[in-house]
Amino acid sequence: MGKPSYQDLQAKVKELQNIVNFKVYPQEIHFETKDLLYFRIDDEWYFDFFHIKICELTGYSRKDFLERKVSWLDIVHPDDRKLLEDALKRALQSEDYFLAEFRIVTGEGKLKWVKMRGPIFRDDTGQFLFVQGI
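Let me begin by describing the structure that accompanies this report.

**Regarding the pairing of strand β1 (residues 39-42)**
So, point 1. Across three bridges, the pairing between β1 and strand β2 (residues 47-50) is antiparallel. Looking across to β2, one finds that Arg40 is bridged to Phe49.
So, point 2. In this structure, the hairpin formed by β1 and β2 is closed by a connection of four residues, where Trp45 is found at a positive phi of approximately 70°.

**Notes on the packing of aromatic side chains**
Where two aromatic rings form a pair, the distance of their centres and the angle of their planes describe that pair.
So, point 1. One pass over the structure, following the stated rule, counts eight aromatic pairs.
So, point 2. With centroids separated by 5.3 Å and ring planes inclined at 55°, the aromatic side chains of Phe47 and Phe50 adopt a geometry described as tilted.
So, point 3. An aromatic cluster of three or more residues is present, and its members are Phe47, Phe50, Tyr60, Phe65, Trp72 and Phe102.
So, point 4. Above the plane of the ring of Phe130 lies Arg40, whose end atom (NZ or CZ) is 4.0 Å from the centre.

**Overview of the pattern of salt bridges**
So, point 1. A complete count under the given rule lists six salt bridges for this structure.
So, point 2. Between Asp96 and Arg122 there is a salt bridge, with the nearest N and O atoms lying 2.8 Å from each other. On the criterion of sequence distance, the pair formed by Asp96 in the loop between α5 (81-93) and β3 (97-105) and Arg122 in strand β4 (residues 111-122) is long-range, its members being 26 residues apart.
So, point 3. Three or more residues joined by partner-sharing salt bridges are found here, namely Asp42, Asp48 and Arg68.

**Some words on the sheet that holds β4**
So, point 1. Taking strand neighbours across the sheet as the criterion, the five strands line up as β2-β1-β5-β4-β3 in an open arrangement whose pairing is antiparallel. Edge positions in the open sheet fall to β2 and β3, since each of these has one partner strand only. Within this sheet the neighbouring strands show an average axis-to-axis angle of 25°, counted without direction.
So, point 2. Bridging between β4 and strand β5 (residues 128-133) involves three bridges; their strand directions are antiparallel. Counterpart to Arg122 in the pairing with β5 is Phe128.
So, point 3. Across the sheet, α5 is in contact with β3, β4 and β5; its angle to β3 comes to roughly 175°.

**Points about the nonpolar core**
So, point 1. In this structure, Trp72, Leu84, Phe98 and Phe102 are the most contacted members of the largest nonpolar core, which totals 27 residues.
So, point 2. Contributing elements (two or more residues each) for this core: β1, β2, α2 (53-58), α4 (72-75), α5, β3, β4 and β5.
So, point 3. Setting aside chain neighbours within four positions, we find Trp72 in contact with Ile41, Trp45, Phe47, Ile54, Leu57, Thr58, Leu84, Phe102, Ile104, Val114 and Met116.

Rules behind the numbers
- Residues numbered from 1 in each chain as written.
- Predicted model: local features only at pLDDT ≥ 70, side-chain atom pairs only at ≥ 80, totals over all residues.
- Heavy atoms only, no water.
- Pairing = 2+ DSSP bridges.
- Helix = DSSP H or I, 4+ residues; strand = E, 2+ residues; numbered from the N terminus.
- Phe/Tyr/Trp six-rings, centres within 6.5 Å; stacked < 30°, edge-to-face > 60°.
- Lys NZ or Arg CZ within 6 Å of the ring centre and 35° of its normal.
- Salt bridge = Lys/Arg side-chain N within 4 Å of Asp/Glu carboxyl O.
- Axes fitted to C-alpha atoms, helices over the stretch in contact; angles between N-to-C directions.
- Contact = heavy atoms within 4.5 Å.
- Core = buried A, V, L, I, M, F, W, Y, C linked by side-chain atoms within 4.5 Å.
- Buried < 20%, exposed > 50% of the residue type's maximum accessible area, 1.4 Å probe, protein only.

Here it is, written out as structure tokens:
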């Protein structure tokens, strides 16, 4: 077997880039969803920014989130809070990619399932800043 051609190497690099990109940014088409709601949550579980439909999903007002009267962890079902915190710990210890599925309790007292995912962002010293995702 001889040396690979330049085209062979380019094809291999492209294939490896696709594998890495899929691992870091999984494709959204692998699950069905009505809406993708964008967010950024800081290290205390407060929204830095969010899609306005999060208010519809949760039953809490924009003002509640913006004034930090409600954190995301406050809304998570009490039985699922540890699951959410453990998912963040796993993400921080491994690949810096957050993925969790859990229940929330809306402002009206209804239970809803939520799936969150997105990359973890850190400062120059490696300190956790926020999760940004859908």
